[in-house]
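Inside the fold
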Amino acid sequence: MSHQHSITPHDQARILAEALPYIRRFHGKTMVIKYGGNAMTDTALQAAFAQDVVLLKLVGIQPIVVHGGGPQIETALHRLGKKGEFVQGMRVTDAETMEVVEWVLAGEVQQDIVGLINHAGGKAVGLTGRDGGMIRAKKLRMPDQQDASKVHDVGQVGDIVSIDPGVVRALLEDAFIPVVSPIGFGEHNESYNINADVVASKLATVLKAEKLLLLTNTQGVLNKSGDLLTNLTARQIDKLFADGTLSGGMLPKIAGALDAARSGVSAVHIIDGRVPHAILLEVLTDQAFGTMIRSH
Ligand SMILES: Nc1ncnc2c1ncn2[C@@H]1O[C@H](COP(=O)(O)OP(=O)(O)O)[C@@H](O)[C@H]1O
Ligand SMILES: CC(=O)N[C@@H](CCC(=O)OP(=O)(O)O)C(=O)O
């Protein structure tokens, strides 16, 4: 590990001391971290992510992980000879796709993350929105972006009706790290596939979280020339929607982020999950990176 040779123990001690103001500020505070399917494909990055989450917990911050898994669902569908289809960032989810989504998210991705965090010394508990009756949902009615009178049928995609954070709070109180899969349940006990950014944003609002961090596979929100937009207000976001700067998975991500910012989550950041220790950088240093979303 050659990069460590340039850092002396004295440097290390100073670096730790410099984190103290942030640790004091955030001690006891809740942070919702969305771990995106695209940011979690590299083994070294996964290990660094798990270390960051455990470190936050050990300094008295309360992290909650909400995970995605778009690419992993895509791979599983491909094996069955199916191809994923998206409308405005939402996966069209027929009954067979829903089975794959539940199996990949709750069975595979969530358990991988639980294992990584536990291996790094934390106590993670995996749950879906069904557990503890957490995420009630109904079928999403999705108006077309251009023509609002037209509604897309995207199958079993869920629109969140309510979140009961009781089970998450109970886990936090008992020193566990909740790892939540974005699956909700409906009136007739049917399952819904919900975009993970939307779940993270709503959960952050309901928990009155101090921060919402959306880790993704780009530097943040980019303009049409590919430059990073470091700060975005609601008005600027409206313009980005209108002029077509945003597409695909960025649509629900920004919509969710803005919703959380408007509902009182004071710091909402879309950050680059490809940067090792992206979470520690954002939370415990004065390094500003990614895009911060503000309500005004
Ligand atoms: N203006 C934009 N700035 C950055 N990314 C954008 C923009 N518009 C669309 N995107 C796309 O959104 C993607 C991130 O969303 P998504 O694929 O859902 O990632 P994740 O799995 O991390 O949630 C980026 O990789 C990029 O392809
Ligand atoms: C409705 C919908 O689109 N659900 C997503 C859920 C997973 C997710 O959000 O994963 P990422 O964060 O990795 O994109 C899907 O089926 O892909």
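Model, not experiment: these values are computed from the prediction.

Feature annotation in UniProt assigns "domain: Aspartate/glutamate/uridylate kinase" (unreviewed entry) to the following positions: residues 29-272. With 38% helix and 25% strand, the stretch residues 29-272 has end C-alpha atoms that lie 22 Å from each other.

Bringing the site of ligand 2 into the picture now. Inspection of the region around ligand 2 gives 15 residues, with K34, G37, R91, N193 and A196 positioned closest. In the model, an oxygen atom of ligand 2 is placed 3.0 Å from a nitrogen or oxygen of the G69 main chain. One of the backbone N or O atoms of G70 is found 3.0 Å from an oxygen atom in ligand 2. Those elements giving two or more residues to the shell around ligand 2 turn out to be α4 (70-79) and β4 (90-91).

Attention shifts here to the pairing of strand β1 (residues 30-35). In terms of burial, β1 is largely enclosed, as six of its six residues are buried. Bridge count between β1 and strand β2 (residues 62-67): six bridges; the pairing is parallel. Looking at the pairing, M31 lines up with P63 of β2. What joins β1 to β2 is helix α3 (residues 43-58), and the crossover it makes is right-handed. Direction of pairing for β1 relative to strand β13 (residues 211-216): parallel, over a ladder of five bridges. Bridge pairing in β13 places K34 opposite L214.

Once that is clear, we can look at the site of ligand 1. Around ligand 1 sit 18 residues in total, of which T216, N217, L222, T245 and K253 are the nearest. Between ligand 1 and T216, the relevant distance is 2.8 Å, taken from an oxygen atom to a side-chain nitrogen or oxygen of the residue. Of all the secondary-structure elements, those providing two or more residues to the shell around ligand 1 are β13 and α9 (250-262).

When the UniProt feature table is mapped onto this chain, "site: Transition state stabilizer" (unreviewed entry) is found at K34 and K253. Their sequence span is 220 residues, while the largest C-alpha to C-alpha distance among them is just 10.1 Å; these annotated residues converge on one region. Secondary-structure assignment places K34 in strand β1. Its relative accessible area of 5% is what places K34 among the buried residues. You can see K253 is positioned in helix α9. With sequence-adjacent residues up to four places away left out, K253 is seen in contact with K34, D197, L214, T216 and I270.

Taken as a whole and assessed by the stated rule, the structure comprises 11 salt bridges. Taking the shortest distance from any N to any O, the salt bridge between K139 and D153 comes out at 2.6 Å. In this pair, K139 sits in strand β6 (residues 135-139) while D153 sits in the loop between β8 (151-152) and β9 (158-163), placing the two residues 14 residues apart along the sequence. On the accessibility criterion, K139 (39% relative accessible area) is partly exposed. For D153, a relative accessible area of 58% puts it in the exposed group. One network of salt bridges, with partners in common, ties together D11, R14 and E18.

Taken as a whole and judged by the stated rule, the model has one aromatic pair. Judged by centre distance (3.6 Å) and plane angle (0°), the rings of Y35 and F49 are stacked. Remark: F49 occurs in helix α3 and Y35 occurs in strand β1; sequence separation between them is 14 residues. The two residues Y35 and F49 agree in class, both being buried.

All right, on to the environment of F26 then. Relative to the helices and strands, F26 is located in helix α2 (residues 20-26). When sequence neighbours within four positions are dropped, the list of residues in contact with F26 reads M31, G60, I61, E210, K211 and V283.

This part is about the nonpolar core. Formed by 42 residues in total, the largest nonpolar core has its most connected members in V32, L212, V221 and I293. Looking at which element gives the most residues to this core, the answer is α9, with seven residues. Setting aside residues up to four positions removed in sequence, V221 forms contacts with D227, L228, L229, L232, L240, L246, M250, I254, I270 and T291.

Glancing now at helix α5 (residues 95-119). With 25 residues, α5 should cover 36 Å at 1.5 Å per step; its first-to-last C-alpha distance of 35 Å lies within 8% of that length. The largest bend in α5 is about 30°, located at L105. Among all positions in α5, only T97, M98, V100, V101, V104, L105, V109, Q110, I113, V114 and I117 are buried. One or two steps after α5, the chain reaches G121, where phi turns positive at roughly 105°.

Cut-off values and rules
- Residues numbered from 1 in each chain as written.
- Chains lettered and ligands numbered in written order.
- Predicted model: local features only at pLDDT ≥ 70, side-chain atom pairs only at ≥ 80, totals over all residues.
- Heavy atoms only, no water.
- UniProt positions renumbered as here; feature names shortened; annotations may be inferred.
- Helix = DSSP H or I, 4+ residues; strand = E, 2+ residues; numbered from the N terminus.
- Near = heavy atom within 4 Å.
- Polar contact = N/O pair within 3.5 Å; in protein donor to acceptor, adjacent residues only side chain to side chain.
- Buried < 20%, exposed > 50% of the residue type's maximum accessible area, 1.4 Å probe, protein only.
- Pairing = 2+ DSSP bridges.
- Right-handed = clockwise from strand over helix to strand, strands pointing away.
- Contact = heavy atoms within 4.5 Å.
- Salt bridge = Lys/Arg side-chain N within 4 Å of Asp/Glu carboxyl O.
- Phe/Tyr/Trp six-rings, centres within 6.5 Å; stacked < 30°, edge-to-face > 60°.
- Core = buried A, V, L, I, M, F, W, Y, C linked by side-chain atoms within 4.5 Å.
- Expected span 1.5 Å × (residues − 1).
- Bend = angle between axes of the 7 residues up to and from the residue.

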